[in-house]
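# Architecture at a glance
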Amino acid sequence: MNPEANLIFIISLLLGTTITISSNHWIMAWTGLEMNTLAILPLISKSHHPRAIEAATKYFLTQSAASALVLFSSMTNAWHTGQWDITQLTHPTSSLILTSAIAMKLGLVPFHFWFPEVLQGSPLTTGLLLSTIMKLPPIALLYMTSHSLNPTLLTTLAILSTALGGWMGLNQTQIRKVLAFSSISHLGWMAIIIVYNPKLTLLNFYLYAMMTATIFLTLNTIKVLKLSTLMTAWTKIPSLNAMLLLTLLSLAGLPPLTGFLPKWLIIQELTKQDMAPAATLISLLSLLSLFFYLRLAYCTTITLPPHTTNHMKQWRTNKSTSTMIAILTTMSVMHLPISPMILTIV
């Protein structure tokens, strides 16, 4: 793609995100969401591969439907209350429609079917944008309307998302699909706590975005898209593969690493809210996703491939790892010891 065109799309993406996050009026928030959708479409379909075109079409149709529902929800609220302010979404029907629209935009169960397909048809860099920055505006809207959302509905969606995200990721061999189901599972953790402690949702999202960015950038560096090629990629940059192992375990939420922090805080908050059964259930369901993270980690570094493999060994590269990946990896692995400081900020 032409670098100038690429720059315009990236700037439009950032502008759309900023408009939605900083707006008070529903129409401005909707405009930002539309800008986001239109800016990402060329980035999804830039390879001109049939799968990429299919992914862009699916993305466009889903996001258009979700945007229409956002508009419908805000108009229903304005009709009943006379308020166009985002924080004044008080009508129960409007809240219900908005929750469905945001679930569709994020890819929460039962509106999750588009996300793995779109991520599979996109390049790794576009997949990174779809998994991180494109999730920010809908989460910001949930954050602003969190006081009027239905807790039972969100808890149900969250538990279903964690269950299906873990369950459907078990059998995948394409890494982008595994990361898509991982994203759906993490969104479940964010959705369950948004009503009770919205700041925890934001903290969870920031840490998730940081760890996912590390994984996508690492995979982009070693040029790996499926498990069979991941097995032989250790010969390229062994040190980077070792760090990828730690980042995957961090994303799984294992205790000495950064990813444990949001899970720990969410379980603590749910227990305070007398929701110990929900906390137990979502913790047990996250074991499903732990299995496929361990499978990825095993393929990454722990095992050497057998000699019968069909893939040739890759030559070790002399180029150094980018500073961005080094910083992100360090943060993805070592934030837990400074959690008291993070908690004072939150």
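Position numbers for residues count from 1 along each chain, tracking the sequence in the order it is written. Local features are withheld for residues below a pLDDT of 70 in this predicted model, meaning they are given only at 70 or higher, and side-chain atom pairs are given and counted only at 80 or more; totals for whole chains, interfaces and linings count all residues. Each side-chain value is derived from all of the structure's non-hydrogen atoms; neither hydrogens nor water enter the calculation.

A separate point is helix α1 (residues 3-22). By the criteria applied, helices consist of DSSP H or I runs no shorter than four residues and strands consist of E runs no shorter than two, each listed in order from the N terminus. To estimate the expected span of a helix, count its residues, drop one, and scale the result by 1.5 Å. For α1, with 20 residues, the first-to-last C-alpha span of 28 Å sits near the 28 Å given by 1.5 Å per residue. Between buried and exposed lies partly exposed: a residue is buried under 20% and exposed over 50% of the maximum accessible area for its type, with that area taken using a 1.4 Å probe on protein chains only. Listed as buried for α1 are Leu13, Gly16, Thr17, Ile19 and Thr20. Take α1 and look down its axis: the buried residues cluster within an arc of 165°, on one side only. Residues of α1 that are exposed and angled more than 90 degrees away from the buried face: Pro3, Glu4, Leu7, Ile8 and Ser22. Contacts: residue pairs with any heavy atoms within 4.5 Å of one another. Check the buried side of α1 and you find it contacts α2 (26-44), α6 (124-131) and α7 (136-144). Each C-beta atom gives one direction from the helix axis, and the arc is the one those directions make.

Moving on: the pattern of salt bridges. Salt bridges, as used here, are contacts in which a Lys or Arg side-chain nitrogen is within 4 Å of a carboxyl oxygen on Asp or Glu. A full pass over the atoms with the stated rule returns three salt bridges. The salt bridge involving Lys58 is made with Glu54; its shortest N-O contact spans 2.7 Å. Here Lys58 pairs with Glu54, and both are found in helix α3 (residues 50-81), just four residues apart, close to one helical turn. Judged by relative accessible area, which is 40%, Glu54 ranks as partly exposed.

Time to look at the domain arrangement of the chain. Domain boundaries assigned for the chain yield domain 1 (1-122) and domain 2 (150-345). Here the bounds of each domain stem from an automatic or database domain assignment. Put simply, the middle of domain 1 and the middle of domain 2, counted by C-alpha atoms, are 24 Å apart. With 15 residues of domain 1 in contact, the opposing surface of domain 2 contributes 19 residues. Contact between domain 1 and domain 2 buries roughly 1500 Å² in total, counting both sides, with carbon and sulfur atoms accounting for 74%. Two parts lose some accessible area (1.4 Å probe) when they are put together, and adding that loss for both gives the buried area. When the buried surface of domain 1 facing domain 2 is broken down by residue, Leu108, Val109 and Gln120 rank first, second and third, together holding 38% of it. The tally of links from domain 1 across to domain 2 stands at one salt bridge. When the shortest N-O distance is used, the salt bridge between Lys177 and Glu117 registers 3.4 Å. Under the rule applied, a polar contact is a pair of N or O atoms within 3.5 Å (in protein, one hydrogen donor and one hydrogen acceptor; residues adjacent in sequence only if both atoms are side-chain atoms). Put simply, domain 1 and domain 2 have five residue pairs in polar contact (both at pLDDT 80 or more) between them. Breaking the side of domain 1 that touches domain 2 down by element, the ones donating at least two residues are α4 (92-106) and α5 (114-121). Broken down by element, the residue count for the side of domain 1 that touches domain 2 peaks at five residues, all from α5.

To continue, consider the packing of α6 against helix α10 (residues 198-222). In contact at an axis separation of 9 Å, α6 and α10 are set at 175° when each is read in the N-to-C sense. Comparing their axes, α10 and α6 come out roughly antiparallel. Of α10, the residues touching α6 (which contributes Leu124, Thr125, Gly127, Leu128 and Ser131) are Tyr208, Thr212, Ala213, Phe216, Leu217, Leu219 and Asn220. Residues belonging to the contact of α6 with α10 are distributed by class as follows: seven nonpolar, five polar and no charged. Note on definitions: angles span 0 to 180 degrees between N-to-C directions of axes, and those axes are lines fitted to C-alpha atoms, for helices only across the stretch in contact. Throughout, the term roughly parallel applies to angles under 35 degrees, roughly antiparallel to angles over 145, roughly perpendicular to angles from 65 to 115, and oblique to all others. Residue type decides the class: Asp, Glu, Lys and Arg count as charged, Ala, Val, Leu, Ile, Met, Phe, Trp, Tyr, Cys and Pro as nonpolar, and the leftover types, Gly among them, as polar.

What follows deals with a nonpolar patch on the surface. Among the surface-exposed residues, Ile27, Met75 and Trp84 lie close enough to one another that they form a single nonpolar patch of about 260 Å² accessible area. By the secondary structure assignment, Trp84 is in the loop between α3 and α4. Assessed through its relative accessible area of 31%, Trp84 is described here as partly exposed. Patch membership is restricted to residues that have no salt bridge and whose relative accessible area is over 30%. Joining uses 9 Å for like charges and 5 Å for the nonpolar side chains Val, Leu, Ile, Met, Phe, Trp and Tyr. Only the protein chains shown count as cover for residues, with accessible areas throughout obtained via the Shrake-Rupley method and a probe of 1.4 Å.

A pair of Phe, Tyr and Trp rings is counted when the ring centres sit within 6.5 Å of each other, with Trp represented by its six-membered ring. The angle between the planes then sorts it: under 30 degrees is stacked, over 60 is edge-to-face, the rest tilted. Under the defined criterion, the tally for this structure stands at five aromatic pairs. Relative to Phe115, the ring of Trp114 lies with its centre 5.3 Å away and its plane at 70°, an arrangement referred to as edge-to-face. Accessibility classification places Trp114 together with Phe115 in one group, the buried group. Ring pairing ties together the aromatic residues Tyr59, Trp114 and Phe115, which thus form one cluster. Each ring is checked for a lysine NZ or an arginine CZ that lies within 6 Å of its centre and within 35 degrees of its normal; such an atom marks a charge sitting over the ring. Positioned above the aromatic ring of Phe115, the side-chain terminus of Lys135 is 3.7 Å from the ring centre. The side chain of Lys263 reaches across the aromatic face of Trp189, ending 5.1 Å from its centre.

As a rule of thumb, soluble globular proteins bury nonpolar side chains together. What we call a nonpolar core is a set of buried Ala, Val, Leu, Ile, Met, Phe, Trp, Tyr and Cys residues that are connected through their side-chain atoms within 4.5 Å. Ile40, Tyr59, Leu130, Ile192, Leu219 and Leu230 are the most contacted members of the largest nonpolar core, which totals 101 residues. When residues in this core are grouped by element, the largest group, 13 residues, is from α10. Of the domains in this structure, domain 1 (1-122) and domain 2 (150-345) are the two that each give at least three residues to this core. When sequence neighbours within four positions are dropped, the list of residues in contact with Leu230 reads Ile175, Leu219, Ile222, Val224, Leu244, Leu296, Cys299 and Thr300.

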